[in-house]
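Given next are the chains, with one letter for each unit.
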Amino acid sequence: PRYSARLKCVYHTVYLLLLFSLYFEGGAMRLTLLHAVSAARISRESSGPHATVRATVEVDGGISVTTPTTSTRSQMLAQMQERVQALAVSKLSPDSKAVITSTLLPTIKDEIAESINKEFVTTQSLLEDAVKDLEQETETAVAAFRRATTADTKLSKCRAAEKESFAASEKCVADREAALAANAKDCSDKTEVAASKEAERKAAATIDLGASLCSPEACDVSSDPTCGLGSMLTAVQGLQAEAALKARAYEALVAEVAEAQGEAAKVCSAADKYAAEDTCAEVKGAAIEASRICASDNEAADLSKCSFGGDLQRKCADLTGVNALIAKIKAHDRSDALSEPDRASEWTTVQRLMCTLEALRDDGDLSLGAAQECADAEDRRYPNSFNYFSDRIAAATATDNFQCTETTIQFSGNVWSTGETSQEFEMKPFSPAISLTTDTFPFAFCDGHVQVVWKKTAGVYSGGYAASVAGDGYDYNKYNLDGAKEACLANPNCKAVTCASGGTTSCTLRASAELSKSPSAEDTYQPEMEVPEQPPMPAQQMSWTKAMGVYSGGYPLNANGVGLDKSVLGLEVAKTACMANPHCKAVTCARGGTSSCTLRASVELKKSPTAEDTYTAVTVAEESWAKTTGVYSGGYPKNIDGSGQNSARYSLADAKKACLVNSYCKAITCANGNTDSCTLRASESFKKSPSAEDTYALA
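Residues numbered from 1 in each chain as written. Predicted model: local features only at pLDDT ≥ 70, side-chain atom pairs only at ≥ 80, totals over all residues. Heavy atoms only, no water.

S.K.: Help me out: how do you make sense of the overall build of the protein in this one?
M.R.: Of regular secondary structure, the protein possesses eleven helices and 23 strands. Taking all 699 residues of the protein together, 40% fall into the buried category. When the accessible surface of the protein is summed, it comes to about 36,000 Å², and 53% of that surface belongs to carbon and sulfur atoms. (Helix = DSSP H or I, 4+ residues; strand = E, 2+ residues; numbered from the N terminus. Buried < 20%, exposed > 50% of the residue type's maximum accessible area, 1.4 Å probe, protein only. Areas by Shrake-Rupley, 256 points an atom, 1.4 Å probe, with all protein chains shown as cover.)

Quick look at the structure:
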């Protein structure tokens, strides 16, 4: 459409020339324009760069111009110049001068020359719009980089805090073990002291009277009138004194034994109580919470970095487009309306043509001097100076704004390796490699992650404030737009960001995905997740393997791609939910349990500080099912939720699907030769079937 005026003016010019049939004074030479010229088009759009124009002088002196059905504007202008030069061989008639004055000069000046100017303006505007787009994408990418760097720095700090939490937990456990050992030794020592005192008491309870109390069987009263009873009495008195002394000592020992046993009981009771209490529960819980927070921060950081990568890819695509457009504008002999050198050349040709026609009109002929003056006139030069916006492009591709030659990107500049113990936490330098090609993942870790694009809807709001991440109320904070977007992505309760009309400095997190018309013309932004298409594996191709003591990092997006799924489910329900969610890669459960499980986003498994169990889905090929004829598997399995028994009858194909998602199913038994009457079975061992049934089990 922007060439229609030029086409119209050329058509009218040729038509008028045909109508008036220019004759030279004297009548000897006649200018004949062949009718084919009327089909010629000056538009670059309609001609190739190598079209040719031929002019020949016929035998009778007439000039015949032939042209292909398409020709470039430069070629057509050259053709017109050639015809005008042919007219200059003799003076023109008054009628010819009138045509030049009333038709040719106004047409060339007002339409053809003006169309060149308009084309210049259009091309200049086209490049300026492309540069503006580049600047806008640059601004977006730089802002996204800042957010990603902030998120990555936050993650790095979180990992450092997580390491400290692990170290505190480990120290507490080590101190507790040392205290348990000390308590056990103290209890043992006290028990030994009490036992020793008890043995001493028992020994002190017995007095050895010896033979000193035995009287002789016969007595010679002549020599010993008392028969030795005096000596015996003395001995008894001595024994009495000794017994009294030992009795007092025994009583003291009894008291000491009671005290020692009481002390031992007290120490051992305290040791048992200490052993029964988990004195490190708080610091262990803090370590678990630190891991949870860092897992969430890691997900947020990856999302932010992947979103930045997508923004940078788009910026670099715009830069490629700008450079390609500039190359076209600077090129010669193009078939479109972009070439500035072609435009300048055409302008020169038009001005020379006008100058020649003016000379013919005024003087009736064209001398060599007049022709040279037309060629060199200052006021005939091309008046436009094309702005290639070099300074703006240079600013958009400055180092801080990304030059689109980057091969790596430095965010926080480091990455943490983690593990089960604080010694396994290690910070290493890290600048991930980036792909600047659109339709590829910008970073390797973006495979399976989303890139977030925010959709703006004017004049609407999202109802209700989002609940805070901590769950202790609602987030009524006001953010700028970028801060609100970042906070929303980190808050699973946030579905949208609503800002004051036309503003980006007063925005709040909102809870509803449904938008309503705003009486104050607010603007609302909703995150749209660009997720690589990853359809879930068909249920009939899925089986589950259990890995103990490990976890899968990060929660997956909900199946609809909005928000994170942090639901706590039973194992079998979690497996079913995972299969229905293309973003779910695993199911992680509390240690030894099946009632507290969550969907997870990573295929990479790491050691769990709380000894969690993780279940991952594996592909099972059709040929993995082995058939054994003439046997059955005993008993029906429980339903997938652990209730009752599943005695339903299936086709073989459906039974395989049902068995793969039921952890209690170990085999499938079908009626002899009938694959439409099969049941799930609970036993891995097979028995001979009296009805010659067939049984299928995973090989």
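S.K.: What is the right way to look at the pattern of salt bridges in this model?
M.R.: One side chain can pair with another of opposite charge once the charged atoms of both are near each other. Per the stated rule, a full pass over the model turns up 17 salt bridges. A salt bridge links Glu135 to Arg392; its shortest N-O distance comes to 2.8 Å. Separated by 257 residues along the polypeptide, Glu135 in helix α3 (residues 94-204) and Arg392 in helix α8 (residues 390-396) bring together distant segments of the chain. The class for Glu135 is partly exposed, based on a relative accessible area of 27%. Classification of Arg392 by relative accessible area gives partly exposed; the value is 27%. Ionic pairing is found between Arg292 and Glu289, a salt bridge with its closest N-O pair at 2.7 Å. On the criterion of helical spacing, the pair formed by Arg292 and Glu289 is a turn pair, its members being three residues apart in helix α5 (residues 281-330). Residues joined in a network through salt bridges with shared partners are Glu119, Glu340 and Arg343. (Salt bridge = Lys/Arg side-chain N within 4 Å of Asp/Glu carboxyl O.)

S.K.: When you look at the packing of aromatic side chains in this model, what are you seeing that I'm missing?
M.R.: For any pair of aromatic rings, geometry is given as the distance between the ring centres together with the angle between the planes. Counted under the stated rule, the structure contains twelve aromatic pairs. The ring of Tyr388 has Lys330 lying over it, and the distance from NZ or CZ to the ring centre is 4.8 Å. It is Arg510 that lies over the ring of Tyr465; its NZ or CZ is 4.9 Å from the centre. (Phe/Tyr/Trp six-rings, centres within 6.5 Å; stacked < 30°, edge-to-face > 60°. Lys NZ or Arg CZ within 6 Å of the ring centre and 35° of its normal.)

S.K.: Please clarify how unusual backbone geometry should be interpreted in this entry.
M.R.: Residues other than glycine predominantly adopt negative phi, and peptide bonds predominantly adopt the trans conformation. Unusually for a residue other than glycine, Phe389 sits at a positive phi of about 55 degrees. Within the fold, Phe389 resides in the loop between α7 (368-376) and α8. Phe389 sits in the buried class, given a relative accessible area of 7%. The phi angle at Phe402 is positive, at roughly 75 degrees, despite the residue not being glycine. With respect to the helices, strands and loops of the structure, Phe402 is situated in the loop between α8 and β3 (414-417).

S.K.: Any chance you could explain the state of the cysteines here in plain terms?
M.R.: Disulfide: a covalent bond connecting the sulfur atoms of a pair of cysteines. Counted by the stated rule, this structure contains ten disulfides. Put simply, Cys172 and Cys280 are joined by a disulfide, and their sulfur atoms are 2.0 Å apart. The sign of the S-S torsion, about -100 degrees, decides the handedness of the disulfide formed by Cys172 and Cys280: left-handed. Of this pair, Cys172 sits in helix α3 while Cys280 sits in the loop between α4 (229-276) and α5; the two residues are 108 residues apart in sequence, bridging distant segments of the chain. Put simply, Cys499 and Cys507 are joined by a disulfide, and their sulfur atoms are 2.0 Å apart. In this structure, the disulfide formed by Cys499 and Cys507 twists by about 110 degrees around the S-S bond and is classed as right-handed. (Disulfide = S-S within 2.5 Å.)

S.K.: Looking at this structure, I do not really get helix α9 (residues 481-489). What am I missing?
M.R.: At 3.6 residues per turn, the α-helix brings residues three or four places apart onto the same side. Buried within α9 we find Leu481, Ala484, Lys485, Ala487 and Cys488. One side of α9 holds all its buried residues, which, seen down the axis, span an arc of 170 degrees. (Arc of directions from axis to C-beta.)

S.K.: How do you make sense of the sheet that holds strand β17 (residues 625-629) when you look at a structure like this?
M.R.: In spatial order, the strands read β17-β23-β20-β21-β19; together these five strands make up an open sheet with antiparallel pairing. Looking at strand neighbours, the two that pair on one side only are β17 and β19 (649-650), the edges of this open sheet. In this structure, strand β20 (residues 667-670) lies alongside strand β21 (residues 678-681), joined through four bridges in antiparallel fashion. Residue pairing across strands places Thr669 opposite Thr679, the latter belonging to β21. Here helix α11 (residues 652-660) sits on the sheet and contacts β17, β19, β20, β21 and β23 (694-698); the angle it forms with β20, its principal contact strand, is near 155 degrees. (Pairing = 2+ DSSP bridges. Contact = heavy atoms within 4.5 Å. Axes fitted to C-alpha atoms, helices over the stretch in contact; angles between N-to-C directions.)

S.K.: Explain the pairing of β23 to me, please; I cannot follow it from the model alone.
M.R.: Residues in a regular strand project their side chains so that they alternate between the two faces of the sheet. Among the five residues of β23, four are classified as buried, and the element is accordingly described as predominantly covered. Taken together, the three bridges between β20 and β23 define a ladder with antiparallel strand orientation. Residue pairing for β23: Thr669 is matched across the bridge by Thr695.

S.K.: Looking at this structure, how should I read the nonpolar core?
M.R.: In globular proteins that are soluble, nonpolar side chains generally tend to be buried together. Counting residues in hydrophobic clusters, the biggest one holds 45 residues, and the most contacted among them are Leu127, Phe308, Leu312 and Ile409. Elements with a minimum of two residues in this core: α3, α5, α6 (340-363) and α8. Residues contacting Leu312, with those up to four places away along its chain left out, are Ala141, Phe402, Ile409, Ile434 and Leu436. In this structure, Trp454, Ala466, Tyr479 and Cys507 belong to the second largest nonpolar core, which totals 13 residues. (Core = buried A, V, L, I, M, F, W, Y, C linked by side-chain atoms within 4.5 Å.)

S.K.: How do you make sense of the environment of Thr594 when you look at a structure like this?
M.R.: Here Thr594 shows up in the loop between β13 (586-589) and β14 (597-600). Measuring from C-alpha to C-alpha, the distance between Thr594 and Asp613 comes to 9.2 Å, with 19 residues separating the pair along the chain. Thr594 has contacts with Leu569, Gly570 and Leu571, leaving out every residue within four places of it along the chain.

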